[in-house]
Amino acid sequence: MNQGHFITFEGGEGAGKSTQVKLLAERLQALGHTVVVTREPGGSPFAEKLRELLLDPATPPHDALAEALIFYAARADHLNKTIRPALFAGNWVLCDRFADSTRVYQSMASTLPTDVCDKLDDIVVGETQPGLTVVMDIIAEEGLARAHARRLEGVAPVDGEPEADRYEARDLTYHRALREGFLQVAKMNPDRCFVVDASDEAEVIAEKVWSKIATQVLREAL
Ligand code: T5A
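In this text the structure is predicted, and so the values were computed from the model without any measurement.

Draft legend 1. Quick look at the overall build of the protein chain. Counting secondary structure elements, the protein chain contains eight helices and five strands. Secondary structure elements of the protein chain occur, N-terminal to C-terminal, as β-α-β-α-α-β-α-α-β-α-α-β-α. Taking the principal axes of the C-alpha coordinates as reference, the protein chain spans close to 50 × 40 × 35 Å. Counting across all 222 residues of the protein chain, residues that qualify as buried make up 47%.

Structural data, given as structure tokens:
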């Protein structure tokens, strides 16, 4: 049985997930908790190699099933090498994206059948489900503008603009479908998901997330 706390952050591009993961980790660490910050795709050496393939704009076209299988291969390794050991050790695990992203990106906004997604989740994730998922909700245009601005941070004009990854580069219709998909996931899992307005300032969002942690996760742990 898990002894730690598994919290995931989900949402569209540039919603501010990484920012919130960092703020929450700092707050928990200040209280003396051991926190493992991780991400998907990635989070273990093998999964990080698969991340390179998945995000590379030069990766040849392939269908949603092939793509989901790679995400789940990465997830299997990530769970075994990073997430489960940390949870068994009683640590907090904060993960920037997890299985809801496959459900939304490869299934709801793409062509992977829902039952395939369910089966992969049963096989790979099993009982290691997050106790809380923070769904960062923002209109697609605003999230993409943030992701674009962040890509330009620290880049000298002579270097040219760094390329968007394979997902960020998709059209607005896809990104709008992603937003709807995450809201639907939250609706289907009201006990696990907590939707926050990601257009607020980062500190305001962090306070809302902290209140949720204090009332739900920490209280349950007492
Ligand atoms: N994917 C992933 C799938 O298709 N299927 C899957 O199963 C999984 C796991 C991963 C890609 O893989 C896809 C989804 C993704 O496209 P990634 O590089 O990890 O790619 O990208 P994202 O997870 O989308 O993360 P981003 O880095 O783009 O965005 P974040 O983490 O949501 O946002 P963050 O915190 O980096 O902030 C972006 C910018 O906005 C600013 C930040 O300073 C930063 O500059 N910002 C704010 N500005 C104003 N107000 C706020 N509240 C702000 N919060 C942050």
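Resuming the write-up.
Draft legend 2. Looking closely at the sheet that holds strand S1 (residues 5-11). The five strands are arranged S2-S3-S1-S4-S5 in an open sheet whose pairing can be described as parallel. The outermost strands of the open sheet, each flanked by one partner alone, are strand S2 (35-39) and strand S5 (193-197). For this sheet the average axis-to-axis angle between neighbouring strands, irrespective of direction, equals 20°. Sheet topology places strand S4 (residues 132-137) next to S5; five bridges connect them, and they run parallel. Bridging from a neighbouring strand, Met-136 pairs with Val-196 of S5. Relative to strand S3 (residues 92-96), helix H1 (residues 17-30) is tilted by about 165°, and along the sheet it contacts S1, S2, S3 and S4.

Draft legend 3. Broad picture of the packing of aromatic side chains. Counting across every chain of the model gives five aromatic pairs. Ring centres of Tyr-105 and Tyr-167 lie 5.8 Å apart, and the angle between their planes is 85°; on these two criteria the pair is classed as edge-to-face. With Tyr-105 in helix H4 (residues 99-108) and Tyr-167 in the loop between helix H6 (140-152) and helix H7 (172-188), this residue pair connects regions lying 62 residues apart in the sequence. What makes Tyr-105 buried here is its relative accessible area of 5%. The rings of Phe-71, Tyr-105, Tyr-167, Tyr-174 and Phe-182 are connected pair by pair, giving a single aromatic cluster. Over the aromatic face of Tyr-174 sits the side chain of Arg-170, whose NZ or CZ is 4.8 Å from the ring centroid.

Draft legend 4. Main features of the site of the ligand. In the neighbourhood of the ligand, 28 residues make up the surrounding shell, with Lys-17, Ser-18, Thr-19, Thr-102 and Arg-150 lying closest. A distance of 2.5 Å is found between an oxygen atom of the ligand and a side-chain nitrogen or oxygen belonging to Lys-17. Between the ligand and the protein, one listed contact pairs an oxygen atom with a side-chain N or O atom of Ser-18 at 2.5 Å. Isolated, the ligand exposes 1000 Å² of accessible area, and the fraction of that covered by the protein chains is 84%. When atoms are counted within 2 Å of each cavity's grid points, the one that captures over half of the ligand is the largest pocket. Those elements that provide at least two residues to the shell around the ligand are H1, helix H2 (45-55), helix H3 (64-88), H4, H6 and helix H8 (202-221). In terms of residues, the shell around the ligand owes the most to one element, H4, which gives four residues. Here the residues of the shell around the ligand sort into nine nonpolar, seven polar and twelve charged.

The rules behind the values
- Residues numbered from 1 in each chain as written.
- Predicted model: local features only at pLDDT ≥ 70, side-chain atom pairs only at ≥ 80, totals over all residues.
- Heavy atoms only, no water.
- Helix = DSSP H or I, 4+ residues; strand = E, 2+ residues; numbered from the N terminus.
- Buried < 20%, exposed > 50% of the residue type's maximum accessible area, 1.4 Å probe, protein only.
- Pairing = 2+ DSSP bridges.
- Axes fitted to C-alpha atoms, helices over the stretch in contact; angles between N-to-C directions.
- Contact = heavy atoms within 4.5 Å.
- Phe/Tyr/Trp six-rings, centres within 6.5 Å; stacked < 30°, edge-to-face > 60°.
- Lys NZ or Arg CZ within 6 Å of the ring centre and 35° of its normal.
- Near = heavy atom within 4 Å.
- Polar contact = N/O pair within 3.5 Å; in protein donor to acceptor, adjacent residues only side chain to side chain.
- Areas by Shrake-Rupley, 256 points an atom, 1.4 Å probe, with all protein chains shown as cover.
- 1 Å grid on protein atoms, 1.4 Å probe; cavity = no way out; pocket = protein on both sides within 12 Å on 5 of 7 lines; lining within 4 Å.
- Sits in = over half its atoms within 2 Å of the grid points.
- Nonpolar A, V, L, I, M, F, W, Y, C, P; charged D, E, K, R; others polar.

Everything listed here is a matter of geometry and, on its own, says nothing about what the molecule does.
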